[in-house]
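# Descriptive structure summary
The chain contents come next:
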Amino acid sequence: MSESNWKLWEVFLRSKNGLSHKHVGSLHAADADMAIKNARDVYTRRSEGISIWVVPSEEITASSPDEKDPLFTPSDDKVYRHPTFYDIPDDVEHM
Amino acid sequence: MGTNVSLEDKFQAFVDAENKVEPKDWMPEKYRKTLIRQISQHAHSEIIGMQPEANWITRAPSLRAKLILLAKVQDEAGHGLYLYSAAETLGEPREKMIADLQSGKAKYSSIFNYPTPSWADMGTIGWLVDGAAIQNQVMLTRTSYGPYARAMVKICKEESFHQRQGYEVVMKLAQGTPEQKAMAQESLNRWWWPSLMMFGPSDDNSPNSEQSMKWKIKRKSNDTLRQEFVDKTVPQAEYLGLSIPDPDLKWNEERGHYDFGEINWAEFYDVIKGNGPCNKERIAHHVKAHEEGAWVREAANAYAKKQAARKEGDASAA
Amino acid sequence: MAGGWLNGVKRDFTKEEALKEYFYFLADDSLVLGQQLSKWCSNGPVLEQDIAIINTALDHIGRARLLYQELARLEGGDATEDTLAYFRDHLQYRNALLVEQPNGHWGDSVVRSFFIDTFNFYLYDALRSCNNEALRGIAEKAIKEIAYQAQWSAEWVVRLGDGTEESHAKVQKSIDDLWMWSGELFEEHPIFEVLKDDLPAFSSFKDHWVKKVAEVLKMATLVMPSPELWMQTGGRYGIHSAQLGYILGEMQSLARTYPDATW
């Protein structure tokens, strides 16, 4: 990551009291204050009375789906998929 | 190889049963790549699509129109962000998507390679271009990849405002002075055909479509979507008293659809290849903003690092 | 006071005229700044900040509309928010010279916003309890937006000031360059005397402003120029920099080409 790229944050909103926070997406920000502000600008268009959580994506530990899931899942603890480090040419099938 | 084939079969059965695929689920590499290509292309279209409209924000002819246009272009920035966010769940960092856009490796909707010389274009883009986009996006709320479908649901909620905004601008022109009406017709003349091209090549010439349909990334073919768009739009033009620039356009009672003329596919492919009036300008604009912003992004990172170090210092001192 | 740059400007105001003038100060500041900020659309350093700065442009233009609507009522006749925005010339605009300064780079725009947002924060906070009902209502709505904007621009000043060597040098220059436009915000003007029972004079916010700006610049490791330096003047009397002609020329071009059209 070069010096000019900002890290990724996951955004959670509670749209009103009585509900729990819900994941709504992600955004890039240099620090937590900025991430909260951006989340308000982007995901709530500044509606008031909304509680926002932001968490650096890299700080989230995720479970692996359990075995009765229909699909095999690579076991890692990232929220999302690993970036692919090897680019497979598009015309290679079934890799 | 054998195991892989069965995983792919399982994946297909999973998708066939209308299940949503989530980021960490196993997926064929090609499914992942197709999604990254499509979602990032979609995000880039929102972002590059800001330019032809931003071009009129400073000159909007009333304060209300200025406010609405500004809010609309801001929505597009937001939609681009939702989509980049969805693509990042597939392990593709935004910086790489941006680099691919700027190098020309990644595409965006060709429609934005046409200029917006007229205020009427602010109406026509909302009415036709957003109208065509909605046709596609409503279908994509049911796409098989969860984060993409969820982004589309959010986008569709906001997008219907855009089409109404566009239609309102055109309507005011069409019902205005003779000069305003001429402005609206001239704009429709320019945008009609490029709008039809937005749905992509016809089904016979759309090699990726079939696999995308099978994986339920796409749920309707290009030609089906295009026909739906024409059927929906013709009565809207009639209501405005504007004429659609296609002598072959006529209602086909038997099919229950409008027939329409042949698209100029040579123009379509030429613009994709980079020969549209604004391809170079759009990318140059994006590169310029990105490069001029580098010192700002670096400063914010440097400040965040210093702040974190200070916090740590405070904590260890305490 | 007779000679010099402002020779010949109007200095006698009836109460009615003074009230309108007060509204024009506020409305024209909002519109011209909103117009300037809107040019950042698709030009920001990162997508998230594009969205943030467009939000502030929306706030300013939205506020300008409310103020012009009230002005149209005060002016009477055929005046509307749009005739006031689109069919007045630079001689009739009353915005402070600060808001017509060019966008420049991100640091220039951030500093310009920081100066005016901080001023607006104290001004609109005071207007919430002024003796003009329309202004009270507008201020009540605006103060939340302004608090948000002031926080946003102050945070950016700190980030750039305490960021990299390059950003520090750049934003220090922005402060130094824009400083001479800041004093006009607080200058005395004949209307304030006329309206003194109903509306706050802008000079009453100067101490707060200087204190807040000093506090933020200190956090940002930046040097604050002296508030006693020579300050530019003229905007509140319709004597502008050459910038405003271009800003209005662009903004008004379509509306004036088709004056009979409704949009």
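What comes next concerns the included structure. Note that this is a predicted model, so its numbers are computed, not measured.

Before going further, it helps to spend a moment on the interface of chain B and chain C. Taken together, the contacts link 45 residues of chain B with 49 residues of chain C. Carbon and sulfur atoms make up 70% of the surface buried where chain B meets chain C, a total of about 4,000 Å² over both sides. For the pair chain B and chain C, the interface holds 3 salt bridges. Measuring nitrogen to oxygen at the nearest pair gives 2.5 Å for the salt bridge that ties B:R94 to C:E48. The interface formed by chain B and chain C contains 17 residue pairs in polar contact (both at pLDDT 80 or more). Of all elements in the fold, only helix 3 (50–57), helix 4 (63–88), helix 7 (146–174), helix 8 (178–197), helix 12 (279–292) and helix 13 (294–317) of chain B reach the threshold of two or more residues within the side of chain B that touches chain C. The leading source of residues in the side of chain B that touches chain C is helix 4 of chain B, at 13 residues. Here the side of chain B that touches chain C is composed, by residue class, of 25 nonpolar, 10 polar and 10 charged.

As a further point, take the nonpolar core. Within the largest apolar cluster, 196 residues are counted, with the highest numbers of intra-cluster contacts made by B:W119 and C:Y22. Setting aside residues no more than four positions away along its own chain, B:W119 makes contact with B:W56, B:A60, B:P61, B:A65, B:L69, B:V169, B:L173, C:L254 and C:W263.

On to the packing of helix 1 (residues 15–38) of chain C against helix 4 (residues 106–127) of chain C, then. Angle between the axes and distance between the axes are the two parameters that describe a pair of packed helices. All names here are of chain C. Running from N to C, helix 1 and helix 4 cross one another at 145 degrees; their axes reach a closest spacing of 13 Å. Judged by the sense of rotation from one axis to the other, the crossing of helix 1 with helix 4 is left-handed. Residues Y22, L26, D29, S30, L33, Q36 and L37 of helix 1 form the contact with helix 4, whose participating residues are R112, S113, I116, L123, Y124 and L127. Broken down by class, the residue content of the contact of helix 1 with helix 4 amounts to 8 nonpolar, 3 polar and 2 charged.

Quick notes on the rules
- Residues numbered from 1 in each chain as written.
- Chains lettered and ligands numbered in written order.
- Predicted model: local features only at pLDDT ≥ 70, side-chain atom pairs only at ≥ 80, totals over all residues.
- Heavy atoms only, no water.
- Contact = heavy atoms within 4.5 Å.
- Buried area = accessible area lost by both parts, 1.4 Å probe.
- Salt bridge = Lys/Arg side-chain N within 4 Å of Asp/Glu carboxyl O.
- Polar contact = N/O pair within 3.5 Å; in protein donor to acceptor, adjacent residues only side chain to side chain.
- Helix = DSSP H or I, 4+ residues; strand = E, 2+ residues; numbered from the N terminus.
- Nonpolar A, V, L, I, M, F, W, Y, C, P; charged D, E, K, R; others polar.
- Core = buried A, V, L, I, M, F, W, Y, C linked by side-chain atoms within 4.5 Å.
- Buried < 20%, exposed > 50% of the residue type's maximum accessible area, 1.4 Å probe, protein only.
- Axes fitted to C-alpha atoms, helices over the stretch in contact; angles between N-to-C directions.
- Left-handed = near helix turned anticlockwise from the far one by under 90°.

The analysis is restricted to geometry; functional conclusions fall outside its scope.
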